Amino acid sequence: MKGVIVTGTGAVRIGRHYEKSVRALAAEAAWKALDEAGVDGVDFVVVASSLSYLQEPQLSLASYITSSLGLGGARAIGVESGETSGLAALDVAYSLLQSEKASRVLVVGVDKLTNHPSGPTYSMLQLLHDAEAEAYYKIGHAGVAALLFRLYLDRYNVERATTAYWPALMHAHAKENPHAMLRFAITPEKVVSGMPLADPITLLDAYPLGDGAAAVVLEREDEHPKNPLARVVAVESAIGMPGPQLRDDPLDLESVRTVIQRIGGTDGVDVMEIHDSFTIYALLELEAMGLAEKGKSAELVAEGYFSKDGEGPLANPSGGLKARGHPIGATDVYKIVELANILAGTWSGVRRGGEKRALALSINAAGSEARAALLEAL
Amino acid sequence: MNGVGAGSLPRWWRNRIPRYRLVGAKCKVCGRIHYPPREACPYCGSRDLEIVPLPRRGKLLSYTHVFSVPGDNRLSTPIILGLVDLGSAKVIAELTDVLPEELPNVKEVEAVVRKVEEQGGNGVIGYAIKFRPVLQATPGGQG
Ligand SMILES: [Zn+2]
């Protein structure tokens, strides 16, 4: 097995970049990553994007982005796997390097969510769900998560207020993250009293609609890269039932259980970036990962178990999808940028210090697919 | 860009039977039923499926009012969604004929065919199954 090293990282602060196209955002992140790695060319560019095909709109995006980056000599591959597109792109890059088909690969994740008003954008986002099943109805981006959230609160008798500590923690972390969209603190009380998006989900339980791009350069360890930051140890994936109504227990994220098993468990993980598009998914993931008992994750979060001074792995030092932001196909690449810098000791945001092992986890929709990557310090 | 399904006449047409009649697919290998019918059984992968009618009444497991409604038409805000357990299969669908204050007490729902889409370039008016509260109270039951 060839070692695969992250050698360059770049990220654009997530926000409403009305003045910047998908290509401009991608260039900002990619050029920063290439500069950091100290290289000016790559063998492959793998572009992760999901909504660009509807928002911008542009097909065959990877080739257009690669040529606009000035990397016309490179080969280009586009990857669309919904909210897990970024880790799918990492999987492709990792395989190219391990198979020695490439020595150096640039992964760029980019998406815009603000080219249209929110109503049309919700129409696009609902297509992350199964368009032949639940997304036949106007479920929007939050409808299915809301059904699961109410089921969870009812079944486990969890107080709504207890779950609100997750978004509050995310905002506390995002305040310290230079590329986070929402860099301000909120109280758990404000989450509960927020504007309803799809009850019991309020605006403050949900990711903001923002544009972003993030990029990483990956190189083979045996080629002695100039700027080694962290090692990619494993990249895995699993698909689950297409919709939660097909699961025996709609609250069981079976794709997360499978991907965590495939990647070798969470033992030794010091820091992780998990997928909290909506508060309920963070809670269900923590339980599916075996880090909390069923119905108990909100309490652990509220007690500070996953916080900077807690005993569990540090959760989402970036501020998560909730507060760093969630430009769909780009999000997983942000996670790799953040975790690689934490492991390299070059992260200016929240961290404990001395982190050795990091996990990135993402799901699409309500768990129709799940992906994970393990990184370790050099 | 309007709601999902808008504009495509062939798509509405090919979905008309499961959408109007509430039929699922039963796997002849593992015996499990799913909705709407898929190409293969999502539980065991078998391609040996038969179309079966689903029960038209079920239990309401969860619900939500979606205010972040897709599309440009805000007149229909909010959309009420439910997770319904029909016994042999679970379904996510719209709820209808119910007031917000009634919802917490709704336990049983039944299927009706209603309009879900009235837009799109081809003037498609789409119908599908929705669920409404079971109207008549069961004598001696809890309503
Ligand atoms: Zn089967």
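This one's a predicted model, so the numbers in the text were calculated from it and none came from an experiment. Each chain carries its own residue numbering, running from 1 in the written order of its sequence. Chain letters start at A and ligand numbers start at 1, both assigned in the order the entries are written. Under the rules for a predicted model, residues below a pLDDT of 70 receive no local features and side-chain atom pairs below 80 are neither given nor counted, while totals for whole chains, interfaces and linings still include all residues. Just so you know, side-chain values use all the structure's heavy atoms and leave hydrogens and water out.

Quick rundown of the pairing of strand β11 (residues 357–364) of chain A? Include the residues and the values.
Residues and elements named next belong to chain A. Per-residue accessibility, obtained with a 1.4 Å probe over protein chains only, is compared with the maximum for each type, and a residue is labelled buried under 20%, exposed over 50%, and partly exposed between these values. Helix numbers and strand numbers start at the N terminus; a helix is a DSSP run of H or I with at least 4 residues, a strand a run of E with at least 2. Most of β11 sits out of view: seven of its eight residues are buried. Criterion used throughout: strands pair if DSSP finds at least two bridges between them. Sheet topology places strand β9 (residues 271–273) next to β11; three bridges connect them, and they run parallel. Bridge pairing in β11 places Val271 opposite Ala358. Judged from the eight bridges that link them, β11 and strand β12 (residues 369–377) form a sheet pairing that is antiparallel.

Tell me about the coordination of the zinc ion, and please be specific about residues and values.
Residues and elements named next belong to chain B. The protein atoms donating to the zinc ion are Cys27 (SG), Cys30 (SG), Cys41 (SG) and Cys44 (SG), with metal-donor distances spanning 2.3 to 2.4 Å. The coordination sphere of the zinc ion comprises four donor atoms, whose angles at the metal cover 100 to 117 degrees; the geometry is tetrahedral. For Cys44, a relative accessible area of 38% puts it in the partly exposed group. Here a donor is any nitrogen, oxygen or sulfur atom (N, O, S) within 2.8 Å of the metal, with 3.2 Å used for Na, K and Ca; water is not among the atoms considered, so some sites may look incomplete. Note on geometry labels: four donors, all angles 85 to 135 degrees, give tetrahedral; four donors become square planar and six octahedral when opposite donors are over 155 degrees apart and every other angle is between 65 and 115; remaining cases are irregular.

So what's going on with the pattern of salt bridges? Residues and values would help.
What makes a salt bridge here is a side-chain nitrogen of Lys or Arg within 4 Å of a carboxyl oxygen of Asp or Glu, nothing more. Enumeration over the complete set of coordinates arrives at 28 salt bridges over all chains. In this structure, A:Arg231 and A:Glu221 form a salt bridge, with 2.6 Å as the shortest nitrogen-oxygen distance. Taken together, the positions of A:Arg231 in strand β8 (residues 230–239) and A:Glu221 in the loop between β7 (212–220) and β8 put the pair ten residues apart, joining distant regions of the chain. Here B:Arg57 and B:Glu110 are joined by a salt bridge, their closest N and O atoms 3.8 Å apart. Of this pair, B:Arg57 sits in strand β4 (residues 57–66) while B:Glu110 sits in strand β7 (residues 108–117), and the two are 53 residues apart along the sequence. Connected via shared salt-bridge partners are B:Arg57, B:Asp97, B:Glu108, B:Glu110, B:Arg114 and B:Arg132.

Outline the environment of B:Ser62, supporting the account with residue identities and numerical values.
Note that B:Ser62 resides in strand β4. For B:Ser62, a relative accessible area of 1% puts it in the buried group. Separated by 39 residues in the primary sequence, B:Ser62 and B:Glu101 place their C-alpha atoms 15 Å from one another. When neighbours within four sequence positions are excluded, B:Ser62 is seen to be in contact with A:Ala146, A:Leu147, A:Arg150, A:Leu151, B:Leu81, B:Gly82 and B:Leu83. Note on definitions: a residue-residue contact is assigned when non-hydrogen atoms from the two residues lie within 4.5 Å.

Just give me the short version of the packing of helix α4 (residues 85–98) of chain A against helix α14 (residues 331–344) of chain A, but keep the residues and values in it.
Residue and element names in this part refer to chain A. To get an axis, fit a line to the C-alpha atoms, keeping to the stretch in contact for a helix; angles then go from 0 to 180 degrees between the N-to-C directions. Packing of α4 against α14 brings their axes to within 5 Å, and their N-to-C directions diverge by 65 degrees. Judged by the inter-axis angle, α4 sits roughly perpendicular to α14. Judged by residue contacts, Ser85, Gly86, Leu87 and Leu90 of α4 engage Asp332, Val333 and Ile336 from α14. Orientation labels follow simple angle bins: below 35 degrees gives roughly parallel, above 145 gives roughly antiparallel, 65 to 115 gives roughly perpendicular, and whatever is left gives oblique.

So what's going on with the interface of chain A and chain B? Which residues, and what values?
Contacts between the two partners involve 40 residues from chain A and, on the opposite side, 42 residues from chain B. When chain A packs against chain B, the two sides together hide about 3700 Å² of surface, and 57% of this comes from carbon and sulfur. A per-residue breakdown of the area chain A buries against chain B is headed by A:Tyr136, A:Tyr137 and A:Lys138, which together make up 27% of the total. Linking chain A to chain B there are two salt bridges. For the salt bridge of B:Arg38 with A:Asp130, the shortest nitrogen-to-oxygen distance reads 2.6 Å. Pairing of N or O atoms within 3.5 Å defines a polar contact, subject to two protein rules: one partner must be a possible hydrogen donor and the other a possible acceptor, and residues neighboring in sequence count only if both atoms are side-chain atoms. Here chain A and chain B share 14 residue pairs in polar contact (both at pLDDT 80 or more) between them. A 1.4 Å probe defines the accessible area here, and the buried area is the portion of it lost by two parts on being joined, summed over both.

I'd like to hear about the sheet that holds β12(A), residue by residue, with values.
All names here are of chain A. Strand order in the open sheet formed by ten strands is β3-β2-β4-β7-β1-β8-β12-β11-β9-β10, and the pairing between neighbours is mixed. The open sheet has two edge strands with one neighbour each: β3 (75–79) and β10 (314–315). With nine bridges connecting them, β8 and β12 associate as antiparallel partners. Bridge pairing in β12 places Arg231 opposite Glu376. Relative to β3, helix α3 (residues 61–68) is tilted by about 135 degrees, and along the sheet it contacts β2 (44–48), β3 and β4 (104–111).

Account for α4(A), with residues named and values stated.
Residues and elements named next belong to chain A. Working rule for helices: expected span equals 1.5 Å times residues minus one. If you check α4, its first and last C-alpha atoms are 20 Å apart, about what 14 residues at 1.5 Å a residue would give, namely 20 Å. Among the residues of α4, Ser85, Gly86, Leu87, Ala88, Ala89, Leu90, Ala93, Tyr94, Leu96 and Leu97 are the ones counted as buried. Phi turns positive one or two residues past the end of α4, at Glu100, with a value near 65 degrees.

Any chance you could break down the nonpolar core for me, citing the residues and the numbers?
Side-chain atoms within 4.5 Å link the members of a nonpolar core, which is a set of buried Ala, Val, Leu, Ile, Met, Phe, Trp, Tyr and Cys residues. Counting residues in hydrophobic clusters, the biggest one holds 171 residues, and the most contacted among them are A:Leu106, A:Leu218, A:Met272, A:Tyr281 and B:Phe131. Segmentation into domains, and thus their bounds, comes from an automatic or database assignment. Taken domain by domain, the makeup of this core includes at least three residues from each of domain 1 (4–116 + 211–232) and domain 2 (159–208 + 236–377) of chain A. Among all residues touching A:Tyr281, those that are not within four sequence positions of it are A:Val144, A:Ala145, A:Leu148, A:Leu253, A:His275, A:Ile363, A:Ala365 and A:Ala366.

Run through unusual backbone geometry, naming residues and quoting values.
Residue A:Pro200 is bonded to the preceding A:Asp199 through a cis peptide linkage, with omega at 5 degrees. Residue B:Pro36 is bonded to the preceding B:Tyr35 through a cis peptide linkage, with omega at -10 degrees. Its place among the elements puts B:Pro36 in the loop between β2 (33–34) and β3 (49–53). With a phi close to 50 degrees, A:His224 is a non-glycine residue in the positive phi region. For A:His224, a relative accessible area of 68% corresponds to the exposed category. Residues other than glycine seldom take positive phi values, yet A:Ala365 does so here, at roughly 50 degrees. Within the fold, A:Ala365 resides in the loop between β11 and β12.

I'd like to hear about the environment of A:Gly320, residue by residue, with values.
Residues and elements named next belong to chain A. On the secondary structure map, Gly320 appears in helix α13 (residues 320–323). Considered as a pair, Gly320 and His275 are 45 residues apart in the sequence and their alpha carbons are 7.2 Å apart. In contact with Gly320, other than residues within four places in its own chain, are Met170, Glu273, Asp276 and Gly325.

Which residues make up the domain arrangement of chain A, and what values go with them?
Residues and elements named next belong to chain A. Domain annotation for chain A reports domain 1 (4–116 + 211–232) and domain 2 (159–208 + 236–377). On the domain 2 side, the residues contacting the 38 residues of domain 1 number 39 residues. With both chains or domains summed, domain 1 and domain 2 bury close to 2900 Å², and 65% of this area falls on carbon and sulfur atoms. For the domain 1 face of the interface with domain 2, the top three residues by lost area are Ile14, Glu83 and Leu87, together amounting to 29%. Counting across the interface, domain 1 meets domain 2 through one salt bridge.

Could you give an account of the packing of aromatic side chains, with specific residues and numbers?
Here is the rule: rings of Phe, Tyr and Trp (six-membered ring for Trp) pair when centre to centre is within 6.5 Å. Planes less than 30 degrees apart are stacked, more than 60 are edge-to-face, and the remainder are tilted. Considering all chains together, one arrives at four aromatic pairs over all chains under this definition. Among the aromatic residues, ring-to-ring pairing joins A:Tyr207, A:Phe278 and A:Tyr281 into one connected group. Positioned above the aromatic ring of A:Phe44 is the side chain of A:Arg75, whose terminal nitrogen or guanidinium carbon lies 5.5 Å from the ring centre. To sit over a ring, a charge needs its Lys NZ or Arg CZ within 6 Å of the ring centre and within 35 degrees of the ring normal. A cation over an aromatic ring shows up here: B:Arg32 above the ring of B:Tyr43, its NZ or CZ 3.7 Å from the ring centre.

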